[in-house]
Amino acid sequence: MPELAFTRRAVLRGLGAAGSFAALTGCGVPAAYVPDGRRGGPDRSDRDRSVTFSNWPLYIDTDDQDEQRRPTLDAFSEKTGIEVRYTEEINDNDEFFGKVSPALMNHQETGQDLVVVSDWMAARFVRLGWTQKMDRAKQSNVAVHLDPQLRAPAFDEGRLHTVPWQSGITGIAYNRKALGREIQSVSDLWHPDLAGKVTLFSGLNESFALLMQGNGVDVTRWTESDFHRMCDQVESMVKKKHIRRFTGNDYTSDLSKGDVLACQAYSGDAIQLQADNPDIEFVVPQEGAELWAESLLIPNLARHKANAEALIDYYYAPEVAAKLAAAVNYVCPVPAAREVLAGSDDKETAQLAENPLIFPDEEMRKRLVVARDISTAERRSLAPRWNALVGL
């Protein structure tokens with residue numbers, strides 16, 4: 001199974017984003033925001049049958065014999081006659097933001113027709129007016145098959161500017177055999193038998209929701225007081241040396257080697273960790289867990305908007321979504337793909353349909369929540385405290 005998540009959910013430098021965003025808005029310069037009427041440009045889709053698609057590494061299906069071939073993209077081109085210029089150029093949300101922001105704030109093309117960024121970064125694009133509304137009349141598959149739980153994030157009501165590429169869960173992974181007990185709650189991380197054997201994510205965007213949920217907070221409407229209560233708790237555990245360290249995606253190595261027994265973790269990683277070590281378990285805590293997405297968006301002045309919309313809708317056909325889900329093993333944003341996988345003649349592929357980390361069951365879904373995003377003003381005041389806690 002490919003090492004999918006180790007190059008995504010970022011290098012977890014979400015906190016540094018506060019500085020780059022403040023550079024655009026802190027001086028009160030309104031030019032960064034682009035009003036709706038200035039976001040579109042001449043669409044060349046009809047006369048130029050191509051689309052430029054920028055994604056993260058290892059985030060699409062590849063041919064078993066030739067890793068440079070991507071079967072679902074090849075099938076799209078054959079079906080529509082649209083050539084896809086696919087690049088794996090997004091390695092970090094903030095890094096990509098820094099790359100395209102000069103063009104977007106100055107009302108210039110970026111060169112991309114379609115990009116994938118984490119939803120907290122997509123929220124920034126939406127707030128700045130840097131992404132175009134999609135024509136849902138041309139996206140019947142999206143209209144019908146998009147997971148209802150992902151349809152209306154607070155930052156993009158109705159999902160008019162963004163569409164999930166893949167989704168995932170931030171929960172807890174732990175070594176059941178080595179620990180000798182179950183973990184069912186975030187509070188279980190603070191038990192004395194885990195002193196020095198726990199890691200948390202260093203990124204504020206990646207970490208805060210699950211920790212607040214552990215305190216019983218409704219993260220769809222959390223407040224600054226909720227945030228500081230959570231930080232007080234984490235600070236106490238830091239002082240006691242209960243938390244071994246704050247990590248990026250290297251938490252998987254710590255858990256695999258036994259340096260830690262429990263940690264914040266992503267569902268996509270858990271599938272691979274379990275394949276390597278069946279003693280590793282992933283849990284959605286009783287208090288709940290964060291359901292997140294990494295989403296497709298069409299930047300302002302994209303030259304091939306209609307072609308990009310067609311490509312998005314293609315991936316929302318259940319049979320195509322099933323192929324992508326089987327390759328990347330994240331939470332599939334197309335629940336109807338489950339039936340497609342279940343009907344596969346290949347036993348291992350059919351078993352994916354029963355994996356709740358790809359297709360969460362109803363019991364798990366009741367505990368999954370899309371967290372409210374951190375606003376720009378909140379980030380300026382909250383990020384410094386979190387930075388100090390984690391040593392960034």
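See the structure above.
Conventions adopted
Residues numbered from 1 in each chain as written. Predicted model: local features only at pLDDT ≥ 70, side-chain atom pairs only at ≥ 80, totals over all residues. Heavy atoms only, no water. Helix = DSSP H or I, 4+ residues; strand = E, 2+ residues; numbered from the N terminus. Rg over C-alpha atoms; globule rule 2.2 N^0.38 Å. Areas by Shrake-Rupley, 256 points an atom, 1.4 Å probe, with all protein chains shown as cover. Buried < 20%, exposed > 50% of the residue type's maximum accessible area, 1.4 Å probe, protein only. Contact = heavy atoms within 4.5 Å. Polar contact = N/O pair within 3.5 Å; in protein donor to acceptor, adjacent residues only side chain to side chain. Pairing = 2+ DSSP bridges. Phe/Tyr/Trp six-rings, centres within 6.5 Å; stacked < 30°, edge-to-face > 60°. Lys NZ or Arg CZ within 6 Å of the ring centre and 35° of its normal. Axes fitted to C-alpha atoms, helices over the stretch in contact; angles between N-to-C directions. Parallel < 35°, antiparallel > 145°, perpendicular 65-115°, else oblique. Nonpolar A, V, L, I, M, F, W, Y, C, P; charged D, E, K, R; others polar. Right-handed = clockwise from strand over helix to strand, strands pointing away. Core = buried A, V, L, I, M, F, W, Y, C linked by side-chain atoms within 4.5 Å. Expected span 1.5 Å × (residues − 1). Salt bridge = Lys/Arg side-chain N within 4 Å of Asp/Glu carboxyl O. Left-handed = near helix turned anticlockwise from the far one by under 90°.

## A word on the overall build of the chain
Stage number 1. For the chain, the helix and strand inventory stands at 16 helices and 10 strands.
Stage number 2. For 392 residues, the compact-globule formula gives about 21 Å, and the C-alpha radius of gyration of the chain, at 21 Å, lands near that figure.
Stage number 3. Here the C-alpha coordinates of the chain stretch approximately 65 × 60 × 35 Å along the principal axes.
Stage number 4. A total accessible area of about 16000 Å² is found for the chain, and carbon and sulfur atoms account for 49% of it.

## A word on the environment of phenylalanine 76
Stage number 1. Position of phenylalanine 76 among the secondary structure elements: in helix 2 (residues 71-80).
Stage number 2. Judged by its relative accessible area of 1%, phenylalanine 76 falls in the buried class.
Stage number 3. When the C-alpha positions of phenylalanine 76 and aspartate 135 are compared, they lie 19 Å apart, and in sequence the two are 59 residues distant.
Stage number 4. The contacts of phenylalanine 76, once residues within four sequence positions are left out, are Gly81, Ile82, Val84, Asn307, Ala310, Leu311 and Tyr314.

## Points about the side chain of asparagine 329
Stage number 1. Within the secondary structure, asparagine 329 is located in the loop between helix 12 (318-328) and helix 13 (337-342).
Stage number 2. The buried category is assigned to asparagine 329, whose relative accessible area is 2%.
Stage number 3. Polar contacts involving the side chain of asparagine 329 include one to the main-chain carbonyl oxygen of alanine 326, which spans 3.3 Å.

## Regarding the pairing of strand 7 (residues 262-266)
Stage number 1. Burial analysis of strand 7 places five of its five residues in the buried class, which makes it a mostly covered element.
Stage number 2. Burial of strand 7 is two-sided: the residues Ala262, Gln264 and Tyr266 facing one way and the residues Cys263 and Ala265 facing the other way are all buried.
Stage number 3. Where strand 5 (residues 198-201) and strand 7 come together, two bridges link them in parallel fashion. Looking at the pairing, threonine 199 lines up with cysteine 263 of strand 7.

## What to know about the packing of aromatic side chains
Stage number 1. One pass over the structure, following the stated rule, counts 16 aromatic pairs.
Stage number 2. When the ring of phenylalanine 97 is compared with that of phenylalanine 125, the centres are 6.1 Å apart and the planes differ by 85°; the resulting orientation is edge-to-face. A residue pair is termed long-range when its members are at least 10 positions apart, and phenylalanine 97 in helix 3 (residues 93-105) and phenylalanine 125 in helix 4 (residues 119-128) qualify at 28 residues. The same class applies to phenylalanine 97 as to phenylalanine 125, namely buried.
Stage number 3. Their ring planes at 65° and their centres at 6.1 Å tell us that tryptophan 292 and tyrosine 330 sit as a pair that is edge-to-face. In this pair, tryptophan 292 is assigned in strand 9 (residues 289-297) and tyrosine 330 in the loop between helix 12 and helix 13, connecting sequence segments 38 residues apart.
Stage number 4. Just above the ring of phenylalanine 97 sits the side chain of arginine 124; from NZ or CZ to the centre is 5.0 Å.
Stage number 5. The ring of tryptophan 222 is capped by arginine 372, whose NZ or CZ atom sits 4.0 Å from the centre of that ring.

## What about the packing of helix 7 (residues 204-213) against helix 16 (residues 376-390)?
Stage number 1. Put simply, helix 7 and helix 16 touch, their axes get as near as 12 Å, and they point 85° apart. As far as their axial angle goes, helix 16 and helix 7 are roughly perpendicular. Residue-level inspection shows Leu204, Asn205, Ser207 and Leu211 of helix 7 in contact with helix 16, the latter providing Arg379, Ala383 and Trp386.
Stage number 2. Looking at side-chain class alone, the contact of helix 7 with helix 16 contains four nonpolar, two polar and one charged residues.

## Notes on the pairing of strand 2 (residues 83-87)
Stage number 1. Going residue by residue along strand 2, you find Val84 and Tyr86 tucked away on one face and Glu83, Arg85 and Thr87 left uncovered on the opposite face.
Stage number 2. One crossover worth recording links strand 1 (residues 50-54) to the parallel strand 2 by way of helix 2, and it is right-handed.

## Re the nonpolar core
Stage number 1. Phe53, Leu311 and Trp386 are the most contacted members of the largest nonpolar core, which has 121 residues in total.
Stage number 2. For leucine 311, the contacting residues outside a window of four places in its chain are Val51, Phe53, Leu73, Phe76, Val84 and Leu114.

## Here's the deal with helix 3
An α-helix turns once every 3.6 residues. As a result, residues three or four positions apart point the same way.
Stage number 1. Helix length check: helix 3, at 13 residues, gives a terminal C-alpha distance of 17 Å against a target of 18 Å (1.5 Å per residue), a fit within 8%.
Stage number 2. Turning to helix 3, its buried residues number three or more, namely Asn93, Asp94, Phe96, Phe97, Val100, Ser101, Ala103 and Leu104.
Stage number 3. Structurally, the start of helix 3 carries an N-cap: the backbone nitrogen of aspartate 94 is 3.0 Å from a side-chain oxygen of aspartate 92.
Stage number 4. Looking at the residues trailing helix 3, positive phi occurs at histidine 107, about 55°.

## Brief notes about the pattern of salt bridges
Any two side chains of opposite charge can pair if their charged atoms end up close together.
Stage number 1. Applying the stated criterion to the full structure yields 20 salt bridges.
Stage number 2. Across the pair arginine 365 and aspartate 147 runs a salt bridge, and its minimum N-O distance is 2.8 Å. Of the two residues, arginine 365 sits in helix 15 (residues 362-365) while aspartate 147 sits in the loop between helix 5 (140-145) and strand 4 (162-175), which places them 218 residues apart along the sequence. Across the pair, exposure class does not vary: arginine 365 and aspartate 147 are buried alike.
Stage number 3. Of the charged contacts, one joins arginine 385 and aspartate 232 as a salt bridge, the two residues approaching to 2.7 Å between their closest N and O atoms. Taken together, the residues arginine 385 in helix 16 and aspartate 232 in helix 8 (residues 224-239) connect sequence positions 153 residues apart.
Stage number 4. For arginine 385, a relative accessible area of 22% translates into the label partly exposed.
Stage number 5. Connected through salt bridges with shared partners, the residues Asp63, Arg69 and Asp74 form a single ionic network.

## Side note on the packing of helix 3 against helix 4
Stage number 1. Following both chains from N to C, one finds helix 3 and helix 4 inclined at 15°, their axes separated by 11 Å at the closest point. As summarised for this structure, helix 3 and helix 4 are arranged roughly parallel, according to the angle between their axes. In the packing of helix 3 onto helix 4, the handedness of the crossing is right-handed. Only Trp120, Met121, Arg124, Phe125 and Leu128 of helix 4 make contact with helix 3, whose side of the interface consists of Asn93, Asp94, Phe96, Phe97, Val100 and Leu104.
Stage number 2. A per-class count over the contact of helix 3 with helix 4 returns eight nonpolar, one polar and two charged.

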